Amino acid sequence: TGGRCKTPSGNFEKELGERVQCHALTKILLLVVFLDAAKEKRILGKDQCLFNKSSSVKSSREVLESISTDCMGVEGLIVKHLERYGIFVYHVQNPLDEYEFSIDNLAVDLKDGVRLAK
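Residues numbered from 1 in each chain as written. Predicted model: local features only at pLDDT ≥ 70, side-chain atom pairs only at ≥ 80, totals over all residues. Heavy atoms only, no water.

*Asks:* Outline the overall build of the protein, listing residues and values.
*Replies:* The number of helices and strands found in the protein is six helices and zero strands. Counting from the amino terminus, the protein carries its helices and strands in the arrangement α-α-α-α-α-α. When each of the 118 residues of the protein is scored for burial, the buried share is 20%. When contacts within the protein are restricted to residue pairs at least 6 apart in sequence, those whose partners lie at least 24 apart make up 48%. (Helix = DSSP H or I, 4+ residues; strand = E, 2+ residues; numbered from the N terminus. Buried < 20%, exposed > 50% of the residue type's maximum accessible area, 1.4 Å probe, protein only. Contact = heavy atoms within 4.5 Å.)

Structure (structure tokens):
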């Protein structure tokens, strides 16, 4: 607009959008790393799962890889960049972590060998 009007130009909106996306991506990455560390150090409550049982993603590394391919296609895998700075993610959710060990009905639940072995 050349400074003739009081509304910002298209460049301002483009730059603002890029900064908002960068800020949101940073916060999501921090959340994934924080939850991974909290789960590995057992800070979270009683053996809570980080991922849904029906989810196809079962590890923090897979979450970071999926975010990197969706949001930063040109950048490549963000996990390697994070590891270079000393940020590692370790948590993997196994099927045994998802298993419900509580006994609701004694007659039915004691027939399950996994619960008996535990």
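*Asks:* Quick rundown of the pattern of salt bridges? Include the residues and the values.
*Replies:* Considering all chains together, one arrives at three salt bridges under this definition. Linking Glu15 and Arg19 is a salt bridge whose minimum nitrogen-to-oxygen distance equals 3.0 Å. With Glu15 and Arg19 both in helix H1 (residues 10-40) and four residues apart, this pair spans about one turn of that helix. As a salt-bridge pair, Glu83 and Arg61 come within 3.1 Å of each other at their nearest N and O atoms. Residue Glu83 is located in helix H3 (residues 78-84), and its partner Arg61 is located in helix H2 (residues 60-71); the two are separated by 22 residues in the primary sequence. (Salt bridge = Lys/Arg side-chain N within 4 Å of Asp/Glu carboxyl O.)

*Asks:* Which residues make up the nonpolar core, and what are the values?
*Replies:* Listed in full, the twelve residues of the largest apolar core are Leu25, Leu29, Val32, Phe51, Val63, Leu64, Ile67, Met72, Ile78, Val79, Leu82 and Val89. Put simply, the parts of the chain that give this core at least two residues each are H1, H2 and H3. In this structure Leu29 touches Leu64, Ile67 and Ile78, once residues within four positions along its chain are discounted. (Core = buried A, V, L, I, M, F, W, Y, C linked by side-chain atoms within 4.5 Å.)

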